[in-house]
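Notes for the structure review
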Amino acid sequence: MAKLNQISAQINSISQMLNIVKLLRVLFFFYAFLCFFFWFLNCFEVEWLYKFNWLFIGPYKMVATFYHPQGVSADFTLAIIGIICVFLGFIMNLINENRQNKIYQLQEEEEKLKKQKRMRAQKRAIAQETPVSSVNEIDLTTGEIHSIDTTSTPVVENSKLVFIITNHINKIKRSKDDLELTFQEVELWNQRVNKKFIENVNYSKPLQKGYYRKNLFLVYKDFNYVDDFIYYIRPTLDSITLEFRKYGVSVSFSYVLSAITSLQTLEKELDCMDTVLSLNFINEIIVTQRFHINYENKVNSQYCPISKGEYNLSKNLSISNRQLLYYLVDKNKKE
């Protein structure tokens, strides 16, 4: 906190100095223009110029101490003053650029400290998460959906991996006369894609699986399963996309990974992840702040979290819930 205040004070101090430097730069360049303009008119011996002598008396006397125009056809004193002013103007410009770069560096450092402060606050918030009620679970064998009471689930010390996914269905148009899919057709294709997805992930034996607001989710009891999960899920989604192209349907996916410390907080986390899905980051491995915190502590991690930016994940427009989002990049393929 003290360092943030110190950086803020430095930025204010440099900003005040910059205002003075910018003013001097303008004055020097303007005065140089006046000097060159009046020197040009003086070469033609314009009579009314003497009325403006007061503008140049001080600088003229200073230059006259080392420049004596006697014996020459033209007096270059005003031109010399103009050149000096141009030089001083460029110096002011260099100082301005230097101090401006310093402000940018301080602002970057300030933003970094603020992010660290937010991350610490979010870590504390994770530790203080409160239980929520229930989610709908799907039985992958029968296809039946039922509600699960999560308030009675005991708190588990190790973090769990949470995954949620939504489909984007579009018709591949073979000609300009092809019609778009109807709502009913989109729903039908969604069901087929979901069924295919469930068949492919059933091998991984998730701790919990089901639908949250029509979006499939999976929960795994060990967060450290994440790298293996991503390794298998990406080619699985690619194969589904390729398979449905044969039916003239384009399928893409938005999906999010996160972490929870207890199933008691699952519904709350799924609600947040559902909001992230609505941002429509297609075919990227998007992860939440909670995921990032857990992934930092993972040994021999395969992926590198890259900041996607800060987003307001609150569904209530009057309440702000700004959180950092990330996307994962394979360390072996990172450029």
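Notes on the structure follow. (Residues numbered from 1 in each chain as written. Predicted model: local features only at pLDDT ≥ 70, side-chain atom pairs only at ≥ 80, totals over all residues. Heavy atoms only, no water.)

1. As for helix H4 (residues 183–201)
The condition is simple: Helix numbering and strand numbering both begin at the N terminus, where a helix is a DSSP run of H or I of at least 4 residues and a strand a DSSP run of E of at least 2. The span you would expect from a helix comes to 1.5 Å times its residue count less one. For the exposure calls, accessible area comes from a 1.4 Å probe over protein chains only, and a residue counts as buried if that area is under 20% of its type's maximum, exposed if over 50%, partly exposed in between.
Along its 19 residues, H4 runs 27 Å from first to last C-alpha, staying within 8% of the 27 Å computed at 1.5 Å per residue. Among all positions in H4, only Trp189, Asn190, Val193, Asn194, Phe197, Ile198 and Val201 are buried.

2. Quick word on the side chain of Ser159
This is how the line gets drawn: For this analysis, a polar contact is any N or O atom pair within 3.5 Å, provided that within protein one partner can donate a hydrogen and the other can accept it, and provided that sequence-adjacent residues contribute only side-chain to side-chain pairs. Contact definition: two residues touch when any of their heavy atoms are within 4.5 Å.
Within the secondary structure, Ser159 sits in the loop between strand S2 (145–149) and strand S3 (160–171). Here the side chain of Ser159 touches Asn294 through a polar contact of 2.7 Å, side chain to side chain. Ignoring any residue separated from it by four or fewer positions in sequence, one finds Ser159 in contact with Lys221, Asp222, Phe223, Ile260, Thr261 and Asn294.

3. Section: unusual backbone geometry
Positive phi outside glycine occurs at Lys214, with the angle close to 70°. One can find Lys214 in the loop between strand S4 (208–212) and strand S5 (215–220). Phi at Asn283 takes a positive value of approximately 55°, unusual for a residue other than glycine. In this fold, Asn283 is placed in the loop between helix H6 (266–277) and strand S7 (285–287). With relative accessibility at 49%, the residue Asn283 sits in the partly exposed group.

4. Notes on the pairing of S4
To keep things clear, this is the line we draw: We treat two strands as partners when DSSP finds at least two bridges between them.
The buried count for S4 comes to four of five residues, which makes it a mostly enclosed element. The pairing of S4 with S5 spans five bridges and is classified as antiparallel. Paired with Tyr211 across the bridge in S5 is Leu216. Linking S4 back to S5 in an antiparallel pair, the connection comprises two residues, with Arg213 at a positive phi of about 50°.

5. As for the packing of aromatic side chains
Filter applied, for reference: Whether two aromatic rings pair depends on their centres lying within 6.5 Å, for rings of Phe, Tyr and Trp, where Trp uses its six-membered ring; planes under 30 degrees apart make the pair stacked, over 60 edge-to-face, and the rest tilted. Sitting over a ring, as applied to charges here, requires NZ of Lys or CZ of Arg to be within 6 Å of the ring centre and within 35 degrees of the ring normal.
Using the criterion set out here, one finds 16 aromatic pairs in the structure. Each ring, one from Phe33 and one from Phe37, has its centre 6.1 Å from the other, and the planes form 15°; the classification is stacked. Highlighted residues: Phe33 and Phe37, both in helix H1 (residues 2–43), separated by four residues, approximately one helical turn. Take Phe37: its relative accessible area is 38%, and that puts it in the partly exposed class. Feature note: the residues Phe163, Phe197, Tyr220, Tyr225, Phe229 and Tyr255 constitute an aromatic cluster, connected by ring pairs. Its end group placed over the ring of Trp189, Arg192 keeps NZ or CZ at 4.6 Å from the ring centre. Seen from the ring of Tyr327, Lys308 lies directly overhead, with NZ or CZ sitting 5.2 Å from the centre.

6. Structural notes on the nonpolar core
Here is the rule: What is meant by a nonpolar core is a set of buried Ala, Val, Leu, Ile, Met, Phe, Trp, Tyr and Cys residues, joined one to another through side-chain atoms within 4.5 Å.
In this structure, Phe163, Phe197, Leu257 and Phe291 are the most contacted members of the largest nonpolar core, which totals 36 residues. It is helix H5 (residues 226–245) that contributes the most residues to this core, seven residues altogether. In this structure, Leu257 is in contact with Leu161, Val162, Phe163, Val226, Phe229, Ile230, Met273, Ile285, Ile286, Val287, Thr288 and Phe291, ignoring residues within four places of it in sequence.

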